[in-house]
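Structural description and commentary
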Amino acid sequence: MVLSKTASESDVSIHSTFASRYVRNSLPRFEMPESSIPKEAAYQIINDELMLDGNPRLNLASFVTTWMEPECDKLMMESINKNYVDMDEYPVTTELQNRCVNMIARLFNAPLGDGEAAVGVGTVGSSEAIMLAGLAFKRQWQNKRKAQGLPYDKPNIVTGANVQVCWEKFARYFEVELKEVHLREDYYVMDPEKAVEMVDENTICVAAILGSTLTGEFEDVKLLNDLLVEKNKQTGWDTPIHVDAASGGFIAPFLYPELEWDFRLPLVKSINVSGHKYGLVYAGIGWVVWRTKTDLPDELIFHINYLGADQPTFTLNFSKGSSQVIAQYYQLIRLGFEGYRNVMDNCRENMMVLRQGLEKTGRFKIVSKENGVPLVAFSLKDSSRHNEFEVAETLRRFGWIVPAYTMPADAQHVTVLRVVIREDFSRTLAERLVADFEKVLHELDTLPARIHAKMANGNVKKTPEEMQREVTSYWKKLLETKKTSKNTIC
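Everything numeric in this text was worked out from a predicted model, so none of it was measured. (Residues numbered from 1 in each chain as written. Predicted model: local features only at pLDDT ≥ 70, side-chain atom pairs only at ≥ 80, totals over all residues. Heavy atoms only, no water.)

With that settled, consider the packing of aromatic side chains. Applying the stated criterion across every chain, the model contains 11 aromatic pairs. When the centroid spacing of 5.5 Å and the interplanar angle of 80° are considered together, the rings of Phe378 and Phe437 count as edge-to-face. Of this pair, Phe378 sits in strand E13 (residues 375-380) while Phe437 sits in helix H11 (residues 427-446), and the two are 59 residues apart along the sequence. What makes Phe378 buried here is its relative accessible area of 0%. Aromatic pair Trp400 and Phe425: ring centres 6.5 Å apart, planes at 65°, arrangement edge-to-face. Here Trp400 is found in the loop between helix H10 (388-395) and strand E14 (404-406), whereas its partner Phe425 is found in the loop between strand E15 (415-420) and H11, with 25 residues between them in sequence. Both residues of the pair, Trp400 and Phe425, count as buried. Taken together through their ring pairs, the aromatic side chains of Phe250, Phe254, Phe337 and Tyr340 make up a single cluster. For the cation-ring pair, Lys320 lies above Tyr84, with the distance from its terminal atom to the ring centre recorded as 4.7 Å. (Phe/Tyr/Trp six-rings, centres within 6.5 Å; stacked < 30°, edge-to-face > 60°. Helix = DSSP H or I, 4+ residues; strand = E, 2+ residues; numbered from the N terminus. Buried < 20%, exposed > 50% of the residue type's maximum accessible area, 1.4 Å probe, protein only. Lys NZ or Arg CZ within 6 Å of the ring centre and 35° of its normal.)

Here's what the structure looks like:
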């Protein structure tokens, strides 16, 4: 959900030059118009505004897929009017979802016998998948505590401070204490030893991240499992592990098949993965799979009878489109293991091209590892004159969208830029991006040093957010002034 806000009184209408051929009066922005307008005008008005969006292909902040084959696009459009939840009307779509669940569970080495069905469900993304997995852990823990006659009102979950915001949402929405392992400089993932130290009798699970959003690094799930096995033996607890493989779940099996992070580890009870990231499907599909049926409490599952068969369902939302499920099945059978491995190999190779190009500039310190999610996170070696936020802001003039952000506690003094390498990011684009970084740095070097020092002379102490807004505003004005002076005819 996006929280909306109204515009100023002077900006209450939408104007369109082309649409004015059909519509003589401006349309209200926040109220439904009284009259209908031609379809051509409606299209043109919306299309005009959408041109101001960034180019998805150049959005290097996002892990989400921005390109698919035309044949898959066609399949998605042909099924865009199917409501996935109407299982009676669309039983084949349900069957395709079940096939995807089974393929993914076996990809993650679920202990399934011949002909045994996997336990899992398609979701609208990893956020919903994590909510479902968390609810299963919470209910399992509560049921066990009730049976033992012990208090069950203070559940907690242990994660690293590098987790995605959906974990914070789960903790707040479903009243679970979130115990975070803080980071430190040059170590930006959860420390398994510190995580296990934080585990107590109220811990419903420990969440490990296979592909940190911040740096792409895989957390050491194997070490976490081994340490937790020992603690469970000593305490008599049975604290399990959930693996948030939103980014890395479709990478590790193909690039690092020997890495033990999945159901090969006995304490891993559930795994989520984003189909719309390296599963190579447009936004709107995630998956969560459980180790066995006993890891998903029956009371959380609803049952629907259709065509004489029982259909179990476990989701937070009800209606959703079928297109993404169908697209995921297309990718799984179209690419196969070989195809996914080729795509991931290519992404990694392009990541190395970008990484080496940035290193050759001599201006950046690479923060991310070579192994993990194919991305490059990096900081300026010298930020005394200009910082990473100014680099990101200036780079947008070339069309690139590259995020700059600070690390979580206790490494919030570290600021990084991050470029995510997706399937549609080619070697040519990587080389062009490096060249544009060099242009930006050269341009910033010719400008006055950033104005933090000037701001610091004021008597009023500003927050980091206020400082950043003022810095951004200053540079925008300065660049506009420079551009105007170049265009002035003397």
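The next thing to look at is the pairing of E15. Most of E15 sits inside the fold, with 6 of its 6 residues counted as buried. Every second residue of E15 is oriented toward a common face, with Thr415, Leu417 and Val419 on one face and Val416, Arg418 and Val420 on the other, all of them buried. Looking at chain direction, E13 and E15 are connected through 4 bridges and run antiparallel. Pairing of Leu375 across the sheet is with Val420, part of E15. Sheet analysis places E14 next to E15, joined by 3 bridges and oriented antiparallel. Note on E15: the bridge partner recorded for Tyr405 is Val416. (Pairing = 2+ DSSP bridges.)

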